[in-house]
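# Topology and contacts: notes
Chain by chain, the residues:
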Amino acid sequence: MLVTGVKPNLVTVTGFEEVEKFRDGYIGWGLILMYLLVVHALIDMYSKCGSVIDARNVFDMIYAKNVASWNAMSGCYEKHGMVDASMELFERMQKEGMQPHEVTFIAVLSACSHGDLVEKGLKIFRSMKETYGVEISKEHYACVVDIFCRSGKMVEAYELVRGMPIEITNSIAGAFFNGC
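Residues numbered from 1 in each chain as written. Predicted model: local features only at pLDDT ≥ 70, side-chain atom pairs only at ≥ 80, totals over all residues. Heavy atoms only, no water.

Take the side chain of D146 next. Inspection of the secondary structure puts D146 in helix 9 (residues 138–150). Here D146 falls in the buried class, since its relative accessible area comes to 18%. Apart from the residues lying within four places of it in its own chain, the contact partners of D146 are S113 and A175. (Helix = DSSP H or I, 4+ residues; strand = E, 2+ residues; numbered from the N terminus. Buried < 20%, exposed > 50% of the residue type's maximum accessible area, 1.4 Å probe, protein only. Contact = heavy atoms within 4.5 Å.)

Following the UniProt record, the feature "repeat: PPR" (unreviewed entry) maps to residues 66–100 here. End-to-end, the C-alpha atoms of residues 66–100 are 10 Å apart, and along that stretch the chain is 74% helix and 0% strand. (UniProt positions renumbered as here; feature names shortened; annotations may be inferred.)

Counting residues in hydrophobic clusters, the biggest one holds 30 residues, and the most contacted among them are L109, I124 and V145. For this core, the secondary structure elements donating two or more residues are helix 6 (83–95), helix 7 (102–114), helix 8 (118–132), helix 9, helix 10 (154–163) and helix 11 (170–179). The element that contributes the greatest number of residues to this core is helix 9, accounting for eight residues. With near-sequence residues (within four places) excluded, V145 lies in contact with A157, L160, V161, I172, A175 and F176. (Core = buried A, V, L, I, M, F, W, Y, C linked by side-chain atoms within 4.5 Å.)

Our next topic: the pattern of salt bridges. Going through the model one piece at a time under the given rule, you end up with eight salt bridges. We note a salt bridge from D44 to K48, for which the minimum N-O separation is 3.1 Å. Here D44 and its partner K48 are both found in helix 3 (residues 28–48), four residues apart, which amounts to about one turn of the helix. A relative accessible area of 29% places D44 in the partly exposed class. Of the charged contacts, one joins D60 and R56 as a salt bridge, the two residues approaching to 2.8 Å between their closest N and O atoms. One end of the pair, D60, and the other, R56, are both in helix 4 (residues 52–61), four residues apart, so they sit about a helical turn from each other. Among the charged side chains, a network of salt bridges with common partners joins D44, K48 and K79. (Salt bridge = Lys/Arg side-chain N within 4 Å of Asp/Glu carboxyl O.)

Shown next as structure tokens:
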């Protein structure tokens, strides 16, 4: 293709078995990022269709995973109530040197909420700023309110809502009132 002047496209890239072979060559990183967007969309599609195994197969085939890759798979596990798998993936992500960011913590805290992992969720929430340098947002607070409410800890949820340094949003109020 290159000799005849035809530029490779995303379809061409998906035919390669090893991204490494063309990563540093003509195609460049722009196409790799397009490739990642496609595989992330596949993970999301399989997740929405209920096929966690297919989503995991796509995740496993990604040569150069980025934080969005890990978040897509973690979100899949969380959506399907696979709390242990989500927690294992979060730990593996860190062991492999990937720095979690704000979206990662939303998925992990949601998994803790659905798995009734109050202490684990609170530990992760408290570590966000000091350990990972991630600013706590209204979405993270909503997750923690949900963690408390789903486990029947309404007083703790109320105290958190009352003492939050941010304005109460619809998602925070909704999590609290759902718990009531």
